[in-house]
Amino acid sequence: MVSASNRAKNISYAIREVVVYAKKLEKKGIKVLKLNIGDPIAYDFDTPKHMKEALYKAALDGYNGYAPSEGYEELRKEIANREKRRNGMNYDIDDICITTGVTEALQIFLAACLNQGDELLVPGPTYPPYNLITTFHGAKPVPYATVEVEGWQPDIDDIRRKINERTKAIVIINPNNPTGALYPAKVVKEIIDVAAEHNILVVSDEIYDDIVFDGKHYATASLAKDVPIITFNGFSKVYLVPGWRVGYALFNNPNGELDEIKDAFLRIARARLCANSVCQLAMVAALKGSQQHIEEMVKKLRERRDFAYKRINEIDGLSTAKPEGAFYIFPKIEKSVWKSDKDFVLDVLHETHVLLVHGSGFCPVYGRDHFRAVILPPVELMEEAFNRIDAFMKRRLSE
């Protein structure tokens, strides 16, 4: 047998890893209630009609060849307009690169930035690719604490303690996946100030920026003065097109500190050719057209968040902080008879046919003894799922 690379052998993506177990049940004809993946289209949300029409029109109009590696100028111009309108930022279109979703932006950035032995400070818990791709490049992801009893807010002192000469960047995910935490301006500014003290780059993942239930989202770059910020954003979540795979990277580079990394980023972008051409044109229509679906989506999600928060805290053995953004909830397994949170998730799946994601898949330190669920399904579906989990906990804790 031809052996795989050592780095590939260590790849494990918790969010989709649990699907393998669910599929085995489905092959037996068992219906699984899926609360594992952040895909609004899997539930009762749909892509706005004018965006679908724009996608079709782009194909009819002949945009079926390669796009520019950095993305169509028209789309980058509209993204710059959004940043000006929403965040008061003045980006040149040359500071913007269109990518195949935020995940590709992250992949390209880490390839352009990290050397063997470098360290990347990531929130604990975090979106798994930050850990996986960092490790893939021979660098080390270092989780900084977020405080559950404070709504999963970052521990600034812990960030300070974990900075050393190998630290390359600090990652902020706001609103946060998997916890649903929303960081106020004061907290984001404190992280920026720490980074400035140590001449460290800040990477800000803002893919859920308009999905906020309480408070307000502040773009990290809008709170920085002369600190270099790389922002990742995209259309999958807010514009309900996760399968279209269109994201982007923004380089806030006031004093030229990012010139070398930006150049490396664009060289890698050219080597991988381009992001989807017709989908890029549809995103122009997304930004220029009606934004009404966002308000409607957030209203539905706020109601579902309120239900999930209340119902989970009624279950003996579980507790949860209240999410303020995104569409996830990250409960704690307070009373456990399981060896690990993954064992808990698999036991729930096989006994109740409800699919969750184990918290240690998001961070072995700060995600342990938790699980992530999405709050995307209608209340009726979540009610059925949580009722099953409630009965399951009663059985297990009484054994």
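Scroll up for the structure.
Residues numbered from 1 in each chain as written. Predicted model: local features only at pLDDT ≥ 70, side-chain atom pairs only at ≥ 80, totals over all residues. Heavy atoms only, no water.

Peer 1: Break down the overall build of the chain for me, with residues and values.
Peer 2: Across its full length, the chain carries 14 helices and 15 strands. Relative to a compact globule of 399 residues, whose C-alpha radius of gyration would be 21 Å, the chain shows 21 Å and is just as compact. In terms of overall dimensions, the chain has C-alpha extents of about 60 × 55 × 55 Å along its principal axes. Buried residues in the chain amount to 57% of all 399 residues. Intrachain contacts of the chain at a sequence separation of at least 6 include 74% that bridge at least 24 residues. Approximately 17200 Å² of the chain is accessible, and the part contributed by carbon and sulfur atoms is 49%. Averaging the coordinates of the 53 positive side-chain charges in the chain and doing the same for the 55 negative ones gives two points 4 Å apart. (Helix = DSSP H or I, 4+ residues; strand = E, 2+ residues; numbered from the N terminus. Rg over C-alpha atoms; globule rule 2.2 N^0.38 Å. Buried < 20%, exposed > 50% of the residue type's maximum accessible area, 1.4 Å probe, protein only. Contact = heavy atoms within 4.5 Å. Areas by Shrake-Rupley, 256 points an atom, 1.4 Å probe, with all protein chains shown as cover. Lys, Arg positive; Asp, Glu negative; His and termini not counted. Charge placed at Lys NZ, Arg CZ, Asp CG, Glu CD.)

Peer 1: Any chance you could break down the side chain of serine 204 for me, citing the residues and the numbers?
Peer 2: Tracing the chain through its elements places serine 204 in strand E7 (residues 201-205). Relative accessible area serves as the criterion here: at 0%, serine 204 is assigned to the buried category. For serine 204, the residues in contact, after removing those within four places along its chain, are Ile172, Thr220, Ile229, Ile230, Thr231 and Phe232.

Peer 1: Tell me about helix H11 (residues 277-288), and name the residues and values.
Peer 2: Note that an α-helix has 3.6 residues per turn; residues three or four places apart therefore point the same way. Taking 1.5 Å as the rise per residue, H11 with 12 residues should run 16 Å; its terminal C-alpha atoms sit 18 Å apart, in good agreement. Of all 12 residues in H11, 10 are buried; the element is thus mostly enclosed. Here H11 has its buried residues at Ser277, Val278, Cys279, Gln280, Leu281, Ala282, Met283, Val284, Ala286 and Leu287. In this fold, the buried residues of H11 make contact with helix H3 (49-60), helix H4 (73-87) and strand E2 (96-99). (Expected span 1.5 Å × (residues − 1).)

Peer 1: Go over the packing of H3 against H11 with me, naming the residues and quoting the values.
Peer 2: Contact pair H3 / H11: the axes reach a minimum separation of 8 Å and the direction vectors enclose 140°. Between H3 and H11, the angle is such that the two are oblique. The two elements H3 and H11 cross, and the hand of that crossing is right-handed. Only Val278, Cys279, Leu281, Ala282, Met283, Ala285 and Ala286 of H11 make contact with H3, whose side of the interface consists of His50, Met51, Ala54, Leu55, Ala58 and Ala59. Across the contact of H3 with H11, the residue classes break down as 12 nonpolar, 1 polar and no charged. (Axes fitted to C-alpha atoms, helices over the stretch in contact; angles between N-to-C directions. Parallel < 35°, antiparallel > 145°, perpendicular 65-115°, else oblique. Left-handed = near helix turned anticlockwise from the far one by under 90°. Nonpolar A, V, L, I, M, F, W, Y, C, P; charged D, E, K, R; others polar.)

Peer 1: Before we move on, can you summarise unusual backbone geometry with the specific residues and values?
Peer 2: Each neighbour pair has its own omega, and for glycine 124 with proline 125 the value is 5°, a cis peptide bond. Along the polypeptide, proline 125 turns up in the loop between strand E3 (119-124) and helix H6 (129-136). Here the residue pair asparagine 174 and proline 175 is connected by a cis peptide bond, since its omega of -10° sits within 30 degrees of zero. Relative to the assigned elements, proline 175 resides in the loop between strand E6 (167-173) and helix H8 (185-197). Even without glycine at this site, leucine 240 takes up a positive phi of about 60°. Secondary-structure assignment places leucine 240 in the loop between strand E8 (229-234) and strand E9 (247-252). Take leucine 240: its relative accessible area is 3%, and that puts it in the buried class.

Peer 1: Any details on the pairing of E8? Residues and values, ideally.
Peer 2: Taking burial as the measure, the 6 residues of E8 include 6 buried ones, the bulk of the element. On E8, burial covers both faces: Ile229, Thr231 and Asn233 on one face and Ile230, Phe232 and Gly234 on the other are all buried. Direction of pairing for E7 relative to E8: parallel, over a ladder of 4 bridges. Bridge pairing in E8 links valine 203 to isoleucine 230. Pairing geometry for E8 and E9, over 6 bridges, is antiparallel. By the bridge assignment for E9, asparagine 233 is matched with tyrosine 248. (Pairing = 2+ DSSP bridges.)

Peer 1: Lay out the environment of glutamine 291 in plain terms, naming residues and giving numbers.
Peer 2: Within the secondary structure, glutamine 291 is located in the loop between H11 and helix H12 (292-313). A residue is classified by how much of its surface remains accessible, and glutamine 291, at 29% relative accessible area, is partly exposed. In this structure, the C-alpha to C-alpha distance between glutamine 291 and serine 3, residues 288 residues apart in sequence, is 50 Å. Setting aside chain neighbours within four positions, we find glutamine 291 in contact with Tyr239 and Ala286.

Peer 1: Please give an account of the packing of aromatic side chains that cites residues and values.
Peer 2: Both the distance between ring centres and the angle between the ring planes are used here to describe each pair of aromatic rings. All chains considered together, the criterion is met by 14 aromatic pairs. Ring centres of tyrosine 208 and tyrosine 328 lie 5.6 Å apart, and the angle between their planes is 85°; on these two criteria the pair is classed as edge-to-face. Of the two residues, tyrosine 208 sits in the loop between E7 and helix H9 (220-223) while tyrosine 328 sits in strand E11 (residues 328-329), which places them 120 residues apart along the sequence. With a relative accessible area of 3%, tyrosine 208 lands in the buried category. Since its relative accessible area comes to 1%, tyrosine 328 is described here as buried. Where phenylalanine 235 meets tyrosine 248, the ring centres are 5.7 Å apart and the plane angle is 55°; that geometry is what we call tilted. With phenylalanine 235 in the loop between E8 and E9 and tyrosine 248 in strand E9, the pair connects residues that are 13 residues apart, well separated along the chain. The exposure class assigned to tyrosine 248 is buried, which follows from its relative accessible area of 1%. Members of the aromatic cluster, joined through ring pairs, are Trp338, Phe344, Phe371 and Phe392. Looking at lysine 216, its charged tip hangs above the ring of tyrosine 218, at a distance of 5.4 Å from the centre. (Phe/Tyr/Trp six-rings, centres within 6.5 Å; stacked < 30°, edge-to-face > 60°. Lys NZ or Arg CZ within 6 Å of the ring centre and 35° of its normal.)

Peer 1: Outline the nonpolar core, supporting the account with residue identities and numerical values.
Peer 2: If you look at the biggest cluster of nonpolar residues, it comprises 130 residues, and the most contacted ones within it are Phe109, Phe232, Phe235, Met283, Phe344 and Leu356. With residues near it in sequence (within four places) discarded, phenylalanine 235 still touches Leu75, Ile79, Ile207, Leu240, Val241, Val246, Tyr248, Met283 and Leu287. Listed in part, the 6 residues of the second largest apolar core include Ala67, Tyr72, Cys274 and Val278. (Core = buried A, V, L, I, M, F, W, Y, C linked by side-chain atoms within 4.5 Å.)

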